[in-house]
Each structure stands twice: as structure tokens, then as C-alpha cells.
Amino acid sequence: FEMIDKNVVIIGSGYGGSVAALRLCEKNIPVTLLEMGLDWEKSGQKFSSMINPGHSAAWLKTKTIAPFFNLFSLEKYTGALDRLDFEHIKIWLGRGVGGGSLVNGGMAVTPKKEYFKEIFPNLDAEQFYSKYFPLANNELKSNVASEEFLKDCSFYKFNRVGEEEAKKAGFKTVRVPNVYDFKYMEKEYKEEVPRSALAGEVIYGNNHGKNSLDKTYLKKASATGKLEILELHQVNHITQNPDKSYSIDISVINTKGEEIQHKIINTKKLILSAGTMGSLELLLKSKAMKQLPMDDKIGKDWGNNGNFMTGRNWVKAFSGGTGFQQSTIPVGGIDHWEDKDRPFFVEIAPLPMGLNVATSLYLMVNKLKKYGEVNYDLATQKLQLNWDQSHTAHMKDNAKNFLRTMNKANGGTRAHLLFHNGFGADVCYHPLGGIVLGKATDNFGRLNGHKNLYVIDGSLIPGTIGVNPFVTITAIAEYCMEEIIEKDFA
Ligand code: FAD
């Protein structure tokens, strides 16, 4: 096997890792970025659509894993979408250069200031809302669809119906920004450019239109000439050496997931950005192997960001339903966050099945009442998650009330066709926390007890942020990296 020395290594190329890479490279600091997934752009392969799943559809699985679309057989391949299955919850993740940005819905939502203050009492909220959130939104190329387009576009009938019905039921609706380029989508609609959002592409990757991280932060970082991206490099564990440097144990894999090379990379400075579940796994595993000293705060304050999926069947079934064709990019939300008893935010989600299913799909984001905890079991070599129905009971209650109010005003039934009992308590797209900023790290992501080991990703957010999280992850990464570069890389 090979042994290599590097100056600065980042593990993981999602939001945290991409921000860290750009800000270091801009300062002329050479960076090596390790990513277990494929560099899709370099590979020249196309992403597959939801109704025609191919290589990008799943990470080393023989059947598709997208919610409601898991009927298709697949060839085992290092695809862009992964799912971790625990007893009471399934967690979907992105794999590949760009991390979650490759597969996600692109909703770029800035959290409510009051809630941000509640979750991060130690951070200067004024500074975040005047500096880091605008910076993140700008770099991510967040934009908003024109109302005129949404009013007429046949692919947004599901959203028009969703908003109309929400209003009729007394809820407040909001327009949600996205990183998908809506000007591109307007051209797609007119068939002037190849279709992506309007051709059922999203959760297995978008071939056009979406400003995923490979087109924003990582592109800029690569342009500096200082960034080395090593794809298909799966980190197994980390060791702290007596001289306080770190050794990273890596399996280089092929697209079937087989190890083709074993590598050790030594580095003085290590930034862990493997996403909430990835960073937790690496830290807890390395700790269990007694290779990395760590305090017992790692794994605490984990949450699903209150994710709860639900839906309604027989929506306008006799007056046209929710539309045959649906854009894969959400644009509408229901803001019910100010309700004292039952606060929630709802994403009006598309269901691009290619048929008029007369069904509305909703991804609810609730508050947390009880945190989960993550541990690592050395015997089975698996993460363990302390999370069950007791953590989601109040979310279910909110969903019940929401559906009841919607059905009473508009007709329709709870979506028994989509979920067992109509409720998807086990659907999680937003795992957060476990390595919380200011608790398991200092206020800038420096891991407790370490000088040169940083965590920069969703695990810094304590389990909940009230909206889809990537804008917050990006803003926090910007804030941490600014301080870290100034103080630790001078
Ligand atoms: P990630 O983006 O998860 O990146 C971590 C990277 O590290 C991955 O590329 C992974 O392959 C790599 N990695 C992990 N372990 C290792 C290892 N051992 N060795 C090497 N590499 C490793 N959020 C929103 O804000 N808006 C949305 O509309 C939205 N929609 C979503 C839809 C879906 C289907 C999913 C799955 C998520 C969605 N999210 C959305 C959530 C969002 O994508 C995540 O919160 C975000 O990607 C997390 O960023 P991160 O930097 O923490 O890590």
C-alpha cells in the first residue's frame, strides 16, 4: 500500500467541505479533498431520471432506494444516492463530488432569525443575517422563480393546487428560493434547451439547470489550481500520531465498490466534512478503535431536523388532480412556524411519477422535543442510532392536524397509497447534529482536545434549524473557515 504526506486534507465534498476548500485555496493553501463517491463530471456519465434509473440511482445497491420509486433492479455501482437504514428511520444522503448537492431538491432556505438565535445563542445573529447568509446564498446562486412562469407552467400545477388548498385551509404560503436556475427552466419549458427538472431529474442527479457545488464553490476552488480532488477514496478511520499529526486510512475503490488500493495519507491539518452521518461514523469509529482521543460529547444532540413526510390522496381527483407532468424542483412552502402549539414548516413537494396521481406530497419540518444519540458498535462495525417513535410522536400529531385541516377545507384523504397509515415518520433527508458547535467543538469547529482537527458540516447544527438546512450549513462553514484561516493558517 501507499503512504503519502499532505499539508491539508478535507474529507468529504458536500457543503462544508466545498466552502473549506474554496476559502483555503483562495489563500494559496494547497488542499487535498477526499471523496468516497464519483466525480460525475469527470466520468462523463449522465445522471439518470427517476423513471429510468441507471448508474447514478444508488450507492452500491441492487435495487432503487428513492422513496416511492424502489421497484427497479440495478447494477451495483457507486451511484449518487445512498440510504442508511436504522430500525425507526431511513436517512438519505448524496455521494459523489458535490455531496448532497447532487441529489437534493435545491431548496435554499434561510432560517428564521428568532429560531437561529434560539438554536445558536452563542453566535452573533446580526452578523450572520448581514454577512454569512447573504454570502452563502450568493455563492450558491440561490434564485427565485418568477410568479408569471409559475402561474402558467403546466409542470407547476402540483404547486398551484398545493398553495391554493393551503390558503383555503387558512395556512400561510411562502415562495421558496432554489439553486436550480429558473431562467434555465423557463427555456426548458419552451424546449429551447435540454430538459432536466422538467424531465424527472433530481434525486439521482440533474444533468442541467441545477447549480450543485461542482458548479459553484468547487468550480471556483478548482480554478485556483490549488485543489486536488481524489474521488473514490473511502476513508476507513483516522489515527492521531504521537507528533499530533493525523494518519488517514483509505480504501481506494472501483465503481463496483471493491478495494483496488489501500492508502495512508498523513496530514498536519485535517478537516472533517463527511456530512453528519459520515463525520460521526469516522470520529466514533476511530475513538472506538482507540486511535483518536475524544470527549463524550460526540454523538449527542442528534436530530432529524423534524423531518416528517406525509401526503394526501384524491386531491382534486374529479377536477384534474395535481398534474401529469411535474417539475422536480419545489418552489412553495407552508409557513406555520409561529403557531405556539403546533409549529411547523411544510415543503410542497413534487411527485414526478409521470402520471396524474391526484396526490399531494409534503415534507414537514418540525421542532424537536427530544434529541437522538449516535454511537458506534465495534463488533458489528455499524453506527447505532437511539431514535424511535417517542422522538417523532409530536411530529405525527402535527401531521395529523395538518392533514385534517387540509382535508376538511378541500376534500382528500390521508395518503395511504404512499405510506403505511399515511405517515412517513421514518423519512429523513436532513440528519443534523452530533458534533455540535460550541459543545463538541469550540465556537469555530475546532474539535475539543485537538488543535488541528476541524469539523465543518451539518453535524455542527444541533439536530434542528427549522427549514431545509444547506444554506445554514454553508453560512456556518463560511463563518468557521474565516476564523480558522485567519488564526490557524497564518
Ligand atoms: P454532505 O453534503 O452529505 O457531504 C458529505 C460528503 O462526504 C459526501 O459527498 C460523502 O460521500 C462524503 N463522505 C462521507 N463519508 C466519507 C468517507 N468515509 N470517506 C470519504 N468521503 C466520505 N437540503 C436543503 O437545504 N434543501 C433541499 O432542498 C434539500 N433536499 C434534499 C433532498 C434529498 C433527497 C436529500 C438526501 C437531502 C436534501 N437536503 C436538502 C439536505 C442537504 O443535501 C444536506 O443537509 C447537505 O448535503 C449536508 O451537507 P454536508 O456538508 O453536511 O454533507
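These figures come from a predicted structure and were not determined experimentally.

S.K.: Just checking my understanding: could you explain the overall build of the protein chain for this structure?
M.R.: A tally of regular secondary structure across the protein chain gives 11 helices and 21 strands. Compactness check: the protein chain gives a C-alpha radius of gyration of 22 Å against a globular reference of 23 Å for 490 residues, within 12% of the reference. Judged by the C-alpha coordinates and their principal axes, the protein chain covers about 70 × 45 × 45 Å. The 490 residues of the protein chain split such that 61% are buried. The long-range share in the protein chain, meaning contacts at least 24 apart out of those at least 6 apart in sequence, stands at 70%. A total of about 19,300 Å² of accessible surface is found on the protein chain, and carbon and sulfur atoms cover 50% of it. Measuring between centres, the 59 positive side-chain charges of the protein chain sit 3 Å from its 55 negative side-chain charges.

S.K.: I keep staring at the sheet that holds strand E4 (residues 90-94) and nothing clicks. Help me out?
M.R.: Through backbone hydrogen bonds, the strands of a sheet pair up, either in parallel or in antiparallel fashion. The 3 strands are arranged E3-E4-E19 in an open sheet whose pairing can be described as mixed. Only two strands of the sheet have a single partner each, and these edge strands are strand E3 (81-85) and strand E19 (427-428). Where E4 lies against E19, 2 bridges are found, and the strand directions are parallel. Across the sheet, residue Ile91 finds its bridge partner in E19, namely Cys428.

S.K.: Explain unusual backbone geometry to me, please; I cannot follow it from the model alone.
M.R.: As a rule of thumb, non-glycine residues mostly have phi less than zero, and peptide bonds are mostly trans rather than cis. Of note in this structure, Lys244 is not a glycine but carries a positive phi near 70 degrees. One can find Lys244 in the loop between strand E7 (233-240) and strand E8 (246-253). When its relative accessible area of 53% is taken as the criterion, Lys244 is described as exposed. Phi at Asn305 is positive, roughly 55 degrees, even though this residue is not glycine. Its place among the elements puts Asn305 in the loop between strand E10 (300-303) and strand E11 (307-313). On the accessibility criterion, Asn305 (0% relative accessible area) is buried.

S.K.: Can you walk me through the environment of Asn407 in this structure?
M.R.: If you trace the backbone, Asn407 turns up in helix H10 (residues 389-410). Judged by its relative accessible area of 18%, Asn407 falls in the buried class. With 324 residues separating them along the chain, Asn407 and Arg83 place their C-alpha atoms 32 Å apart. Leaving out residues up to four positions away in the same chain, Asn407 has contacts with Arg312, Gly412, Thr413 and Arg414.

S.K.: Teacher, can you tell me more about the nonpolar core here?
M.R.: The nonpolar side chains of a soluble globular protein tend to be buried with one another. Grouped together as the largest cluster of nonpolar side chains are 162 residues, with contacts concentrated most on Ile11, Leu24, Tyr156, Leu283 and Phe402. Of the residues forming this core, the biggest block, 11 residues, is contributed by helix H11 (residues 470-488).

S.K.: I keep staring at the packing of helix H4 (residues 125-139) against H11 and nothing clicks. Help me out?
M.R.: The interhelical angle for the contact between H4 and H11, taken along N-to-C directions, is 115 degrees, at an axis separation of 8 Å. Of the possible angle classes, the one that applies to H4 and H11 is roughly perpendicular. Crossing of H4 against H11: the hand is right-handed. Where H4 approaches H11, its residues Phe128, Lys131, Tyr132, Phe133, Leu135, Ala136, Asn137 and Glu139 are matched on the opposing element by Val471, Thr472, Thr474, Ala475, Ile476, Glu478, Tyr479 and Glu482.

Conventions adopted
Residues numbered from 1 in each chain as written. Predicted model: local features only at pLDDT ≥ 70, side-chain atom pairs only at ≥ 80, totals over all residues. Heavy atoms only, no water. Helix = DSSP H or I, 4+ residues; strand = E, 2+ residues; numbered from the N terminus. Rg over C-alpha atoms; globule rule 2.2 N^0.38 Å. Buried < 20%, exposed > 50% of the residue type's maximum accessible area, 1.4 Å probe, protein only. Contact = heavy atoms within 4.5 Å. Areas by Shrake-Rupley, 256 points an atom, 1.4 Å probe, with all protein chains shown as cover. Lys, Arg positive; Asp, Glu negative; His and termini not counted. Charge placed at Lys NZ, Arg CZ, Asp CG, Glu CD. Pairing = 2+ DSSP bridges. Core = buried A, V, L, I, M, F, W, Y, C linked by side-chain atoms within 4.5 Å. Axes fitted to C-alpha atoms, helices over the stretch in contact; angles between N-to-C directions. Parallel < 35°, antiparallel > 145°, perpendicular 65-115°, else oblique. Left-handed = near helix turned anticlockwise from the far one by under 90°.

So far we have only geometry, and geometry alone does not tell us how the molecule works.
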